[in-house]
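Structural features, examined
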Amino acid sequence: MQERNTLQKRIVHETLIRMCNHPTADEVVAEVQSTYPTISRATVYRILNKLADSGEALRIRINNGADHFDHQTFPHYHVHCSSCGKVADVTMPVKELGSMLSDTSGYKILGYSLQFDGLCPECQKNEEIEAGA
Ligand SMILES: [Zn+2]
Ligand SMILES: [Zn+2]
């Protein structure tokens, strides 16, 4: 049993790393099940949550949407496409923001989650096509 759990965990983790596009749990389920149809949706969910809890993956909470998962665990930000729901990395200095906030609010900042909303390149293109038609 223990061995099976370890194997399933490795499969889910490796799938997340391979997808490298901040998938939702359901997207990971679909990808895992395309190769391992016997691994249940509940198992994939459980493993993803465990990976997030243990710090082996990041859980990205999206306002009004399903959680996304990220195999890159260093602190970084995400932009969420308000049209198709895709999530991408935003590269900017992370530490400075925390100290800037505590300087102005007087609060001691313990953590934060920050989400940018926008339109991904594909959705921008689609908008242009629609506008031109
Ligand atoms: Zn999009
Ligand atoms: Zn990321």
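All of these numbers come straight from a predicted model, not from anything done at the bench. (Residues numbered from 1 in each chain as written. Chains lettered and ligands numbered in written order. Predicted model: local features only at pLDDT ≥ 70, side-chain atom pairs only at ≥ 80, totals over all residues.)

Right, let's talk about the domain arrangement of the protein chain for a bit. For the protein chain, the assigned domains are domain 1 (1-71) and domain 2 (74-133). Relative to domain 2, the C-alpha centre of domain 1 lies at a distance of 23 Å. (Domains from an automatic or database assignment.)

Quick look at helix H3 (residues 41-53) now. For H3, spanning 13 residues, the distance from its first C-alpha to its last is 18 Å, which sits close to the expected 18 Å at 1.5 Å a residue. Taken together, the buried positions of H3 are Val 44, Ile 47, Leu 48 and Leu 51. For H3, the angular spread of the buried residues around the axis is 100°, confining them to a single face. Along H3, exposed side chains directed more than 90 degrees from the buried face belong to Ala 42 and Asp 53. (Helix = DSSP H or I, 4+ residues; strand = E, 2+ residues; numbered from the N terminus. Expected span 1.5 Å × (residues − 1). Buried ≥ 20, exposed ≤ 12 C-beta atoms within 10 Å, placed from the backbone. Arc of directions from axis to C-beta.)

Paired through backbone hydrogen bonds, the strands of a sheet run either parallel or antiparallel to each other. With mixed pairing, the three strands of this open sheet are ordered in space as S4-S3-S5. Two strands in the sheet have a free side with no partner beyond their single neighbour: strand S4 (87-90) and strand S5 (115-118). Strand after strand, the sheet turns through a mean of 35° between neighbouring axes, direction not considered. As paired strands, strand S3 (residues 77-81) and S5 are joined by four bridges and run parallel to one another. Bridge pairing in S5 links Cys 81 to Gly 118. (Pairing = 2+ DSSP bridges. Axes fitted to C-alpha atoms, helices over the stretch in contact; angles between N-to-C directions.)

All right, on to the nonpolar core then. Counting residues in hydrophobic clusters, the biggest one holds 14 residues, and the most contacted among them are Val 12, Ala 25, Val 28, Val 44, Leu 48 and Phe 69. Looking at this core, the elements with two or more residues in it are helix H1 (2-19), helix H2 (25-35) and H3. Apart from the residues within four sequence positions on either side, Phe 69 is in contact with Leu 16, His 22, Pro 23, Ala 25, Val 28, Leu 48, Ala 52, Ala 57, Leu 58, Arg 59 and Ile 60. (Core = buried A, V, L, I, M, F, W, Y, C linked by C-beta atoms within 7 Å. Contact = placed C-beta atoms within 7 Å.)

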